[in-house]
There are 2 protein chains.
Amino acid sequence: MLREGIVLNESMLKVDAFLNHQMDPQLMQAIGTRFAECFRDHNITKVLTIESSGIAPALMTAMSLGIPMLFARKKKSLTLQDDLYTERVYSFTKQETSDITVSKRYIGPNDTVLIVDDFLANGEAAFGLCRIAEQAGARVAGIGIVIEKSFQPGRKKLTDAGYRVESLARIASLGNHRVTFAEETD
Amino acid sequence: MLREGIVLNESMLKVDAFLNHQMDPQLMQAIGTRFAECFRDHNITKVLTIESSGIAPALMTAMSLGIPMLFARKKKSLTLQDDLYTERVYSFTKQETSDITVSKRYIGPNDTVLIVDDFLANGEAAFGLCRIAEQAGARVAGIGIVIEKSFQPGRKKLTDAGYRVESLARIASLGNHRVTFAEETD
């Protein structure tokens, strides 16, 4: 992240080199293995993420746990028209609201869900995924995040709501055009 | 596909159970291994796909080949504003035109590219990815497709243009509400 991340401004970090555009499969596999270790004892039945950049880490986590991965869509597609769980999510990065949807066919009250996403900033996407899981009657075991922007309110909102959040990298600041990591406190 | 695919009409097959919404990581890994075997001798340097459903099979192919994966975006994002290769692609499924983009930073004349996508129908997305690779001066070693709708013109257009197409499943027809596979001819 220090070598290949590009600090665009005080709130945006560009990691296209290994996470959001180009991807390093070995890194993705290591990320998946780590999330699987964190939540190995929770009898997770499904990894839930949102397109597009969440798919790779979620897939590798699901592979490591030996369970299916499910990704929420950001808009309805022509081939996904049956009963859907829908939540409205606002993206601060893209400055737009989108409906995220998951088919009722693939998640239900017998599921224990691990949510995985690439970034945590304001927590909108993660909360939307939690609400979808809970609409389905599923249990949310926790949330695995590749890069957390700890200076934004997402983590606090999620932990205040009772969710366990495991972030692999926690960024305290993007000030002065550089990445400063948070000290480990938990 | 026979057990879990749902034939929506004579041209649309829904495979949300294992490819387009929920994903089976073991199946994705097997798909990646197979594409890697097909193109192992071509000194591929990068696997190129398009968001979202292409990401999983492309990532697994890249993992098997030990190289990076790169996915084209369907619209410009706020964090991806530097020099881009752009191609216009029409989706018959979604009935919309979108600009697909790849950063010039991650593909160039020293690359040999394997294109991977989930579906091949009219070939629009695959052609767009080929054009992007060629804009970059890269060589296209071939195209790996998970499910080919052989009754649509994509394969013929691509092979007529000189591209090698390897499809793991070739569907001859979706008539009579069922999947009929093409006989193997190559």
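A short tour of the structure in this document, coming up.

The rules behind each value
- Residues numbered from 1 in each chain as written.
- Chains lettered and ligands numbered in written order.
- Predicted model: local features only at pLDDT ≥ 70, side-chain atom pairs only at ≥ 80, totals over all residues.
- Heavy atoms only, no water.
- Helix = DSSP H or I, 4+ residues; strand = E, 2+ residues; numbered from the N terminus.
- Rg over C-alpha atoms; globule rule 2.2 N^0.38 Å.
- Buried < 20%, exposed > 50% of the residue type's maximum accessible area, 1.4 Å probe, protein only.
- Contact = heavy atoms within 4.5 Å.
- Least-squares fit on C-alpha atoms with pLDDT ≥ 70 in both.
- Salt bridge = Lys/Arg side-chain N within 4 Å of Asp/Glu carboxyl O.
- Pairing = 2+ DSSP bridges.
- Expected span 1.5 Å × (residues − 1).
- Arc of directions from axis to C-beta.
- Polar contact = N/O pair within 3.5 Å; in protein donor to acceptor, adjacent residues only side chain to side chain.
- Core = buried A, V, L, I, M, F, W, Y, C linked by side-chain atoms within 4.5 Å.
- Lys, Arg positive; Asp, Glu negative; His and termini not counted.

1. So, the overall build of chain A
Looking only at helices and strands, one finds five helices and eleven strands in chain A. Against the compact-globule benchmark of 16 Å for 186 residues, chain A has a radius of gyration of 16 Å, which places it among compact chains. Its C-alpha atoms put chain A at 50 × 35 × 35 Å along the principal axes. Expressed as a percentage of its 186 residues, the buried residues of chain A come to 58%. In chain A, 59% of the contacts between residues at least 6 apart in sequence involve partners at least 24 apart.

2. Quick look at the relation of the copies chain A and chain B
The two copies are related by a screw motion: chain A maps onto chain B through a turn of 180 degrees and a shift of 0.0 Å along the axis, at an RMSD of 0.0 Å. In short, the pair behaves as if placed about a two-fold rotation axis. Residues of chain A ranked by C-alpha distance from the rotation axis are headed by A:Ser52, positioned 2.7 Å from it.

3. Quick word on the environment of A:Arg131
Turning to its location among the elements, A:Arg131 is positioned in helix α4 (residues 124-135). Taking the C-alpha atoms as reference points, A:Arg131 and A:Glu148, separated by 17 residues in sequence, lie 20 Å from one another.

4. Remarks on the pattern of salt bridges
All names here are of chain A. Evaluation of the coordinates by the stated rule reveals 16 salt bridges over all chains. For Arg-131, the salt bridge is made with Glu-87, and the minimal N-O distance between the two is 2.7 Å. On the criterion of sequence distance, the pair formed by Arg-131 in helix α4 and Glu-87 in strand β6 (residues 84-91) is long-range, its members being 44 residues apart. Salt bridges linked by common partners bring Glu-148, Arg-155 and Arg-170 together as one network.

5. Thoughts on the sheet that holds strand β10 (residues 165-173) of chain B
The strand order β3(A)-β5(B)-β4(B)-β8(B)-β9(B)-β10(B)-β11(B) describes an open sheet built from seven strands, whose pairing is mixed. The open sheet is flanked by β3 (22-23) of chain A together with β11 (180-181) of chain B, the only strands paired with a single partner. Direction of pairing for strand β8 (residues 112-120) of chain B relative to strand β9 (residues 139-149) of chain B: parallel, over a ladder of eight bridges. In the strand pairing of β9(B), B:Thr112 is matched with B:Arg139.

6. Some words on helix α2 (residues 25-38) of chain B
Residue and element names in this part refer to chain B. In a regular helix each residue adds 1.5 Å, so 14 residues correspond to 20 Å; α2 covers 20 Å between its end C-alpha atoms and thus fits that length. Buried within α2 are the following residues: Pro-25, Met-28, Ile-31, Gly-32, Phe-35, Ala-36 and Cys-38. The arc that holds every buried residue of α2, seen down its axis, measures 160 degrees, which confines them to one face. At the N-terminal boundary of α2, the capping side chain belongs to Asp-24, with an oxygen 2.9 Å from the backbone nitrogen of Gln-26.

7. With respect to the nonpolar core
Counting residues in each nonpolar core, the largest one holds 124 residues, and the members touching the most others are A:Met69, A:Ile107, A:Ile143, B:Met69, B:Ile107 and B:Ile143. Apart from the residues lying within four places of it in its own chain, the contact partners of B:Met69 are A:His21, A:Gln22, A:Met23, A:Pro25, B:Val47, B:Thr49, B:Ile55, B:Ala58, B:Leu59 and B:Ala62.

8. Observations regarding the sheet that holds strand β5 (residues 69-72) of chain A
Within the open sheet, the seven strands sit side by side as β11(A)-β10(A)-β9(A)-β8(A)-β4(A)-β5(A)-β3(B). Their pairing is mixed. Strands with a single pairing partner mark the edges of an open sheet, and in this sheet they are β11 (180-181) of chain A together with β3 (22-23) of chain B. Two strands pair when backbone bridges link them, and strand β9 (residues 139-149) of chain A and strand β10 (residues 165-173) of chain A are joined in this way by six bridges, in the parallel orientation. Residue pairing for β10(A): A:Glu148 is matched across the bridge by A:Arg170.

9. Regarding unusual backbone geometry
Residues and elements named next belong to chain A. The omega torsion of the bond from Glu-51 to Ser-52 falls at -5 degrees, within 30 degrees of zero and hence cis. Of note, Ser-52 is situated in the loop between β4 (46-50) and α3 (55-65). Of note in the backbone geometry, Asn-43 takes a positive phi value of approximately 50 degrees without being a glycine. For Asn-43, the position within the fold is in the loop between α2 (25-38) and β4. Here Asn-176, not a glycine, exhibits a phi torsion of approximately 55 degrees, which is positive. Among the structural elements, Asn-176 can be located in the loop between β10 and β11. Residue Asn-176 is classed as exposed on the basis of its relative accessible area, which comes to 67%.

10. A short note on the pairing of β6(A)
Residue and element names in this part refer to chain A. With eight bridges joining them, β6 and strand β7 (residues 96-103) adopt antiparallel strand pairing. Bridged to Glu-87 within β7 is Ile-100. Here β6 folds back onto β7 in antiparallel fashion, the turn holding four residues, of which Gln-95 has a positive phi close to 55 degrees.

11. Topic: the side chain of A:Lys46
Within the element layout of this structure, A:Lys46 appears in strand β4. Within the buried core, A:Lys46 has no salt-bridge partner, and the shortest N-O distance to an opposite charge, that of A:Asp111, equals 4.5 Å. Here B:Gln22 takes part through its side chain, which lies 2.6 Å from a polar atom of the side chain of A:Lys46. Sequence-distant contacts of A:Lys46, that is, excluding residues within four places in its chain, are made with A:Ile67, A:Pro68, A:Leu70, A:Tyr106, A:Asp111, A:Thr112, A:Val113, A:Leu114 and B:Gln22.

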